[in-house]
Amino acid sequence: MSSSPYIVGNWKMNGTRAMLAEARAINRVAGRYAGVQVALAPPFTLIQAMADEAQAIGVGGQDCHWQAKGAHTGDISATMLADCGADFVIVGHSERRKDHGESDAMVKAKAEAALAAGLGVIVCVGETLEERDAGQAEAIVAGQVDNSLPSLEAIATVADGRISVAYEPVWAIGTGRVAEVADVISMHKAIRERVVAAYGDRAPGVRILYGGSVNAENASSLLAADGVGGALVGGASLTAESFAAIIAAAGVAEG
Ligand code: PGA
């Protein structure tokens, strides 16, 4: 993959307007690394202000509904995200799959709605510790990729680089326990095979990111690993200081 590394911060349910100062600082850092594509996914409430104030970075949502509008109290559509300045959305994060019972089919519908609204999309996949210990990690993740990615038809008019898959082993999220580089490489290879099976000659336009306890110390080795096109970062994206170190590591990794 020759495209620039994609470093995405997922703020989860963190951040009030006071945290826009961190976004502005991250924006300044991103401006110094033209070869790195930087983005933040803040809570819905901060998207519009962040999109206005941080123009060197992408700004996105952490979820969207699969319909454009309707009787779905509390939900937000991809169209609404685009309307307030978002340019991408994360779908299928393991916290959504677990806390909100999201199935692969729902994630796929959300991803397709996002593309239809003109947003880029990051589709998250990843196995639990029980699944890894049972030797099922690759089969589980392959199934998630097969069933959560938007259809070939849905990507027909979508530009390369607008679709990413984030491999996030559930046991590595927020635990400080990062996956072994060798395991990341083999899982990214397995995911790439499924993406090729789904998309054929469109597959090179799909980036595969790693997520799960990425920090300033481990970012360089993860980002240099074969097949890793970037990182989805939770805890370490909450301050400009820690996120800047990861952006810098991606700048080096890009070489
Ligand atoms: P973490 O979260 O970096 O805090 O492990 C990653 C994620 O859930 O996207």
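Look up: the structure comes first, before these words.
Residues numbered from 1 in each chain as written. Predicted model: local features only at pLDDT ≥ 70, side-chain atom pairs only at ≥ 80, totals over all residues. Heavy atoms only, no water.

S.K.: I would appreciate a short explanation of the pairing of strand β7 (residues 206–211) in the present structure.
M.R.: On a regular strand, one side chain projects to one face of the sheet and the next to the other, so that they alternate. Burial of β7 is extensive: six of the six residues sit out of reach of the surface. Residue alternation in β7 divides its side chains into two sets, V206, I208 and Y210 and R207, L209 and G211, and both sets are buried. In this structure, strand β6 (residues 163–167) lies alongside β7, joined through five bridges in parallel fashion. What sits directly across from V165, in β7, is I208. As a crossover connection, the stretch from β6 through helix α8 (residues 181–199) into β7 is right-handed. Pairing of β7 with strand β8 (residues 230–233), which is carried by two bridges, proceeds in the parallel orientation. Bridge pairing in β8 links Y210 to A231. As a crossover connection, the stretch from β7 through helix α9 (residues 219–224) into β8 is right-handed. (Buried < 20%, exposed > 50% of the residue type's maximum accessible area, 1.4 Å probe, protein only. Helix = DSSP H or I, 4+ residues; strand = E, 2+ residues; numbered from the N terminus. Pairing = 2+ DSSP bridges. Right-handed = clockwise from strand over helix to strand, strands pointing away.)

S.K.: Sorry, what's going on with the pairing of strand β1 (residues 6–10) here?
M.R.: Burial runs high along β1: five of the five residues are buried. Burial along β1 is two-sided: Y6, V8 and N10 facing one way and I7 and G9 facing the other are all buried. Bridge count for β1 against strand β2 (residues 37–41) is five bridges, and the pairing is parallel. Across the sheet, the residue bridging to I7 is V38, located in β2.

S.K.: What should I look at first to understand the packing of helix α1 (residues 20–32) against helix α2 (residues 44–53) in this one?
M.R.: When two helices pack together, their arrangement is given by the angle between their axes and by how far apart the axes lie. Remark: α1 packs on α2, axes separated minimally by 10 Å, with the N-to-C direction vectors making an angle of 35°. Along this stretch, α1 crosses α2, giving a crossing that reads as right-handed. Two secondary-structure elements touch here, α1 through L20, A23, R24 and N27 and α2 through L46, A49, M50 and E53. Among the residues making up the contact of α1 with α2, the classes are represented as five nonpolar, one polar and two charged. (Axes fitted to C-alpha atoms, helices over the stretch in contact; angles between N-to-C directions. Left-handed = near helix turned anticlockwise from the far one by under 90°. Contact = heavy atoms within 4.5 Å. Nonpolar A, V, L, I, M, F, W, Y, C, P; charged D, E, K, R; others polar.)

S.K.: For this particular structure, what's the right way to read the packing of aromatic side chains?
M.R.: Geometry of an aromatic ring pair is reported as the spacing of the ring centres plus the angle between the planes. The final tally for this structure, using the stated rule, is two aromatic pairs. Relative to F88, the ring of Y6 has its centre 6.5 Å away and its plane inclined at 70°; by these criteria the two rings are edge-to-face. Placement of Y6 in strand β1 and of F88 in strand β4 (residues 88–91) is noted, with a sequence separation of 82 residues between them. Across the pair, exposure class does not vary: Y6 and F88 are buried alike. (Phe/Tyr/Trp six-rings, centres within 6.5 Å; stacked < 30°, edge-to-face > 60°.)

S.K.: Help me understand the sheet that holds strand β3 (residues 58–61) in this model?
M.R.: The strands that make up a sheet are held in pairs by hydrogen bonds between backbone atoms, and each pair lies either parallel or antiparallel. Pairing within the closed barrel is parallel, and its eight strands lie in the order β1-β2-β3-β4-β5-β6-β7-β8. Recorded for the sheet is a direction-independent mean angle of 25° between the axes of neighbouring strands.

S.K.: Any chance you could explain the side chain of E168 here in plain terms?
M.R.: Looking at where E168 falls in the secondary structure, it is placed in the loop between β6 and α8. For the buried residue E168, which engages in no salt bridge, the nearest side chain bearing the opposite charge is K12, 6.4 Å off. A polar contact is formed between the side chain of E168 and the side chain of H93, at a distance of 3.2 Å. (Lys, Arg positive; Asp, Glu negative; His and termini not counted. Salt bridge = Lys/Arg side-chain N within 4 Å of Asp/Glu carboxyl O. Polar contact = N/O pair within 3.5 Å; in protein donor to acceptor, adjacent residues only side chain to side chain.)

Such coordinate-based values are descriptive only and should not be taken to indicate function.
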